[in-house]
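Letter by letter, the chains look like this.
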Amino acid sequence: INMLNGTDAAPPQTNAAVMSPDSLVLPTTNTALGLKIKDQLLHGPNVIKPAPTAWTLISGRETPICLPTSNHQIPPVPSTFGLSAGVLSTKPADDIQTDFTAASLPKSKLAAFIEDKVREIIRAKSEDVEGVGETVTVREISCLKQATTPNDTIKANFKNVPNKVEYLSRSIMVFQRIDNIDLAIFSMYVQEYEADSSGPQRVYLAYLDSVEYFRPRSMRTDVYHEVVVSYFGWCKAHGFSQVHIWSCPPSRGNNFIFWGHPTSQKTPNRQRLQTWYQALLSRAVSQGIATNVHSLCDDFENYGKLKQDDQPTCPAILHGDYWLDEAARLWKQHEKRVVSNKLSSGRKSNQIIEDKSIDLACMLKSKIMSATSCVPFLTPVDPKKLGILDYFNVIKHPMDLGTVHDCLMKHRYDKLSDANKHIGLVFSNAMTYNPPGHPIHLAALKLQNQYNLELSKMCEKWQSELVGGRRADANGGVVIDFSDVSLKRNIMNIEVQPRKKKTPGQGGAGSRAVSPIMGASHPNDKLAAMAAAQMKSQEKKIEQKERETTDNNIRLLLSAPNPSTVSQLMMGQDYTHVDPSKKGKRGGGNGNKKAKKPEEPPLSLPIPSNVTLAAKSDKSRKSWLAVEVGKSLRKMRSEFFVISLKAVENLQTAQDAQNEMADVFKEYVKGVKGGPKQDVDLHSNPLVDMRHTFLELSQMRHLQFSTLRLAKFSSCILLYYLHRPTANSLAPCCDNCKNVITKTRWHCAQDLAEINLCVECYETLQKQNTKSVFTPFRITFNNNGAKRNSNTTSTSSSSTAG
């Protein structure tokens, strides 16, 4: 004690059995020796040696302190060269020493730019606090090429749809050093698309998530905003012209990236999240990054102005975007409605609909697939499940009725003979593999005869209807071969004029006039030319008004970059979303009363009495699906942000403000070597390449962020696997057979014990009639992810089974 107090008095005599020379005595004073021993207890023996220092935050304090960095190195690898213990290196094994910190991860140019901007904003916001910026580290933990394939619904209802859309997926994570541990506090997944037929060079902010442990708390929003804004600035410097954001908050208890958020961290509602993004975009405008903001709903407004046979141009395709799923949902809903109408009421009185593909699908569904004996033919054959491993050796072209029905509903067959070929293949495969007398053989033979009978009845029905633009003879004199008949849909509208009194010189009352879908042509060429000229003049006025509106919006945005201005631009001319009490009205008034439908203004040019206009039919227009998707987007128009990064040309009043903001942007990205082509360092990590893979393994490994202590542990494990992406311990393994689990993991938690089984072991256990309850979890983890090259793609598509 006297030595610790700094006195020269001799230490008291003690028994060797009570205190050994190596025993450590806690300091009682703040002398130099006492502080050294205290630091040795807290931070290890490396504290008293000359070592680099780093800023860190201490729990319960808002200001950081400077402490020596911990040097937790990977143990020496016993092998000399090559791949060992999950580390790929061409150097001797003794030189492989990496501390598990965020700063030791590879630092890309993008991460360095974002990190510098974040530290600048921290120094600007906290001038009186030193060292806060140095506690923050930004790293790009994953960067790989991926691809998505548009589904058949998009290809059938839009033009200029690319067959395959490639993009660059990036994962960016922010760490802050708390208690000398790098804590993961913010993460986002972005997608970068090159220019294609569906849109310009664009960026999609796919997912974003954070936890509330950033210190000081008052700067948390500013730091998170700067991470996103600086990334947008990097993209603009490299030639990107658009940014797409879908402001969709997670449901309570759901997680986007981090599993298990603190209970004190509130889940933002839609309004709060939109306000957060509006403040973010106002920051981007003030730095000259964003030049205009509008809603994705505005891109769908012009589809309603297309002509009857004009197919809409495909909007920007983004993997996982809302409008793609909404279009597929609406199309599927439409198919169900068509089938229901076919089975019940039939065609409408004012339409002639030829859709033999739907007719055949309805017959197949109601007459063949509904039979009990047809159950084995509804889905593709699974040889492993049925125990017939030689099936594909005998059957070279497998087929099932469920696949045929889906193809008929999606109009994938051009001719009836193509559909008959696949249907016959289902029954012939069954009779080929199964010998005569087998139940499956007998069922296939019976169903084949039933199908031929029902098909002949359907052909007789088609015989009496409109086929190929002509009607069959009422006496049956016309015989048509249906083997090569087209299965494409054909819709014709019939306009029935109201019954009028018979007057001299007119025909009988109730006469019918059949007009094409586009409407009858005008008999008076001179009057038609005048009408066309007037319509063209109106279109020019509308274009001029839209140009003036755009000019005013940009001027307003650049002069007052604040959240309210961004919100006003997102609303556009849609007044019904500004004030809920004025729903259905363009002006003020009582919102409880229904607004009267405004009367259509009369045409300037009279339409002659002998001209009959075809009735409008939404489903007969080729743009009907795009219009319906636009209606769905309009209900949530404030959630879909489209940010323009390029300067708008041909402006009037806003040109000077735009030029001034261009100078501000040059200063913001000073030092960045921009250009349309950027040097991309592709690197893959199977743990974080996909956000759902990270969530799956976080649930399995209990990497939670619900408390600060658990967040520290999870961040340490995350950093370990970021440094060693091919570690064998990362892959999920079965507790029974010890093999790596793929596709599905069966999990059971009982009596404080957890069991994870593969599919084979679970099926074996189920045969023993166990009472344990297992829950299936999807596994998308690929242990070979770190070894994939830059040409590897992950394709997301909607394909037909079989």
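Remember, predicted model here, so these are calculated numbers, not experimental data.

### What to know about the overall build of the protein chain
Consideration 1: A tally of helices and strands in the protein chain yields 21 helices and 19 strands.
Consideration 2: In the protein chain, of all internal contacts separated by at least 6 residues, the share reaching a separation of at least 24 is 72%.
Consideration 3: In the structure as shown, the protein chain presents an accessible area of about 44,700 Å², 52% of it carried by carbon and sulfur atoms.

### Structural notes on the packing of helix α3 (residues 109-125) against helix α5 (residues 220-237)
When two helices pack together, their arrangement is captured by the angle between the axes and the distance separating the axes.
Consideration 1: Taken N-terminus to C-terminus, the directions of α3 and α5 make an angle of 140°; their axes are 9 Å apart at the nearest point. Put simply, α3 runs oblique to α5. Judged by the sense of rotation from one axis to the other, the crossing of α3 with α5 is right-handed. Contact residues: α3 offers Lys109, Leu110, Phe113, Ile114, Lys117, Val118, Ile121, Ile122 and Lys125, while α5 offers Asp222, Val223, Glu226, Val227, Ser230, Tyr231 and Trp234.

### Section: the confidence of the model for the protein chain
Consideration 1: Averaged over every residue, the pLDDT of the protein chain is 75; the share at 70 or more is 69%.
Consideration 2: Long-range and interchain partners of residues 1-29, a stretch whose pLDDT sits below 50, account for 26 contacts in this model, where long-range means more than four residues apart.

### So, the pattern of salt bridges
Consideration 1: Within this structure, the stated rule accounts for 17 salt bridges.
Consideration 2: Glu115 serves as the salt-bridge partner of Lys107, at 3.0 Å between the closest nitrogen and oxygen.
Consideration 3: On the basis of relative accessible area, Glu115 is assigned to the buried category, the value being 4%.
Consideration 4: One salt bridge in this structure joins Glu696 and Arg778, with 3.4 Å as the shortest N-O distance.

### Here we look at the sheet that holds strand β17 (residues 753-757)
Consideration 1: An order of β17-β16-β18 is seen for the 3 strands of this open sheet, with the pairing classed as antiparallel. Looking at which strands have only one partner, the edges of the open sheet turn out to be β17 and β18 (775-779). Each adjacent strand pair in this sheet contributes to an overall mean axis angle of 30°, direction not counted.
Consideration 2: Set on the sheet, helix α19 (residues 691-701) makes contact with β16 (743-750), β17 and β18; between it and β18 the angle comes to about 140°.
Consideration 3: Most of the contacts of helix α21 (residues 759-766) go to β17, to which it runs at about 110°, and overall it touches β16 and β17.

### A word on the environment of Leu281
Consideration 1: Among the structural elements, Leu281 can be located in helix α6 (residues 270-286).
Consideration 2: The spacing of Leu281 and Pro563 is 282 residues in sequence and 7.6 Å in space, taken between C-alpha atoms.

### Some remarks on unusual backbone geometry
Consideration 1: Put simply, Arg215 and Pro216 share a cis peptide bond, and its omega is -5°.
Consideration 2: Along the polypeptide, Pro216 turns up in the loop between β6 (202-210) and α5.
Consideration 3: In this structure, Asn180 is a non-glycine residue whose phi angle is positive, near 65°.
Consideration 4: Located in the positive-phi region is His702, a residue other than glycine, with phi close to 60°.
Consideration 5: Position of His702 among the secondary structure elements: in the loop between α19 and α20 (708-723).

### Some remarks on the nonpolar core
Consideration 1: Met188 and Tyr231 are the most contacted members of the largest nonpolar core, which totals 95 residues.
Consideration 2: The greatest single-element share of this core, amounting to 10 residues, is contributed by α5.
Consideration 3: Each residue touching Met188, except ones within four places of it in the same chain, is listed here: Arg170, Ser171, Ile172, Leu205, Tyr207, Leu208, Val227, Val228, Tyr231 and Ile257.
Consideration 4: The next biggest cluster of nonpolar side chains, apart from the first, holds 34 residues, and it includes Cys374, Met399, Leu401 and Ala419.

### Describing the side chain of Lys236
Consideration 1: Tracing the backbone shows Lys236 in helix α5.
Consideration 2: Dropping the residues within four chain positions of it, Lys236 is found in contact with Gly288, Ile289, Thr291, Leu645 and Phe665.

### A few points about helix α18 (residues 655-668)
Consideration 1: For α18, with 14 residues, the first-to-last C-alpha span of 20 Å sits near the 20 Å given by 1.5 Å per residue.
Consideration 2: Along α18, the positions that sit buried rather than exposed are Gln658, Met661, Phe665 and Tyr668. Take α18 and look down its axis: the buried residues cluster within an arc of 65°, on one side only. In α18, the exposed positions that point more than 90 degrees away from the buried face belong to Asp656, Glu660, Asp663, Lys666 and Glu667.

### Thoughts on the environment of Asp99
Consideration 1: For Asp99, the location among the structural elements is in the loop between β2 (65-68) and α3.
Consideration 2: For Asp99, a relative accessible area of 23% gives the class partly exposed.
Consideration 3: In this structure, the C-alpha to C-alpha distance between Asp99 and Tyr720, residues 621 residues apart in sequence, is 9.0 Å.

### Here's the deal with the pairing of strand β3 (residues 136-148)
Each regular strand carries side chains that alternate between the two faces of the sheet.
Consideration 1: For β3, the tally of buried residues reaches 12 of 13 residues, placing the bulk of the element in the interior.
Consideration 2: Where β3 meets strand β4 (residues 165-178), 12 bridges bridge the pair, whose relative direction is antiparallel. Bridge pairing in β4 places Arg139 opposite Met173.

### Overview of the state of the cysteines
Consideration 1: Going through the model one piece at a time under the given rule, you end up with 0 disulfides.
Consideration 2: With no disulfide of its own, Cys737 lies 3.7 Å from the sulfur of Cys734, the closest cysteine sulfur.

### Focus on the packing of aromatic side chains
Consideration 1: Counted according to the given criterion, the structure contains 25 aromatic pairs.
Consideration 2: Ring geometry for Phe186 against Tyr224: centres 4.9 Å apart, planes inclined by 25°, an arrangement best described as stacked. Here Tyr224 lies in helix α5 and Phe186 lies in strand β5 (residues 181-193), a separation of 38 residues in the sequence.
Consideration 3: Among the aromatic residues, those joined into a ring-pair cluster are Phe158, Phe300, Tyr303 and Trp323.
Consideration 4: Here Lys236 stacks its cationic end above the ring of Phe665, 4.5 Å away from the centre of that ring.
Consideration 5: For Arg691, the ring lying beneath its charged end belongs to Tyr207, and the centroid distance is 4.1 Å.

### Thoughts on the side chain of Arg724
Consideration 1: By secondary structure assignment, the location of Arg724 is in the loop between α20 and β16.
Consideration 2: Here the side chain of Arg724 touches Tyr720 through a polar contact of 2.9 Å, side chain to side chain.

How each quantity is defined
- Residues numbered from 1 in each chain as written.
- Predicted model: local features only at pLDDT ≥ 70, side-chain atom pairs only at ≥ 80, totals over all residues.
- Heavy atoms only, no water.
- Helix = DSSP H or I, 4+ residues; strand = E, 2+ residues; numbered from the N terminus.
- Contact = heavy atoms within 4.5 Å.
- Areas by Shrake-Rupley, 256 points an atom, 1.4 Å probe, with all protein chains shown as cover.
- Axes fitted to C-alpha atoms, helices over the stretch in contact; angles between N-to-C directions.
- Parallel < 35°, antiparallel > 145°, perpendicular 65-115°, else oblique.
- Left-handed = near helix turned anticlockwise from the far one by under 90°.
- pLDDT = per-residue confidence, 0-100.
- Salt bridge = Lys/Arg side-chain N within 4 Å of Asp/Glu carboxyl O.
- Buried < 20%, exposed > 50% of the residue type's maximum accessible area, 1.4 Å probe, protein only.
- Pairing = 2+ DSSP bridges.
- Core = buried A, V, L, I, M, F, W, Y, C linked by side-chain atoms within 4.5 Å.
- Expected span 1.5 Å × (residues − 1).
- Arc of directions from axis to C-beta.
- Disulfide = S-S within 2.5 Å.
- Phe/Tyr/Trp six-rings, centres within 6.5 Å; stacked < 30°, edge-to-face > 60°.
- Lys NZ or Arg CZ within 6 Å of the ring centre and 35° of its normal.
- Polar contact = N/O pair within 3.5 Å; in protein donor to acceptor, adjacent residues only side chain to side chain.

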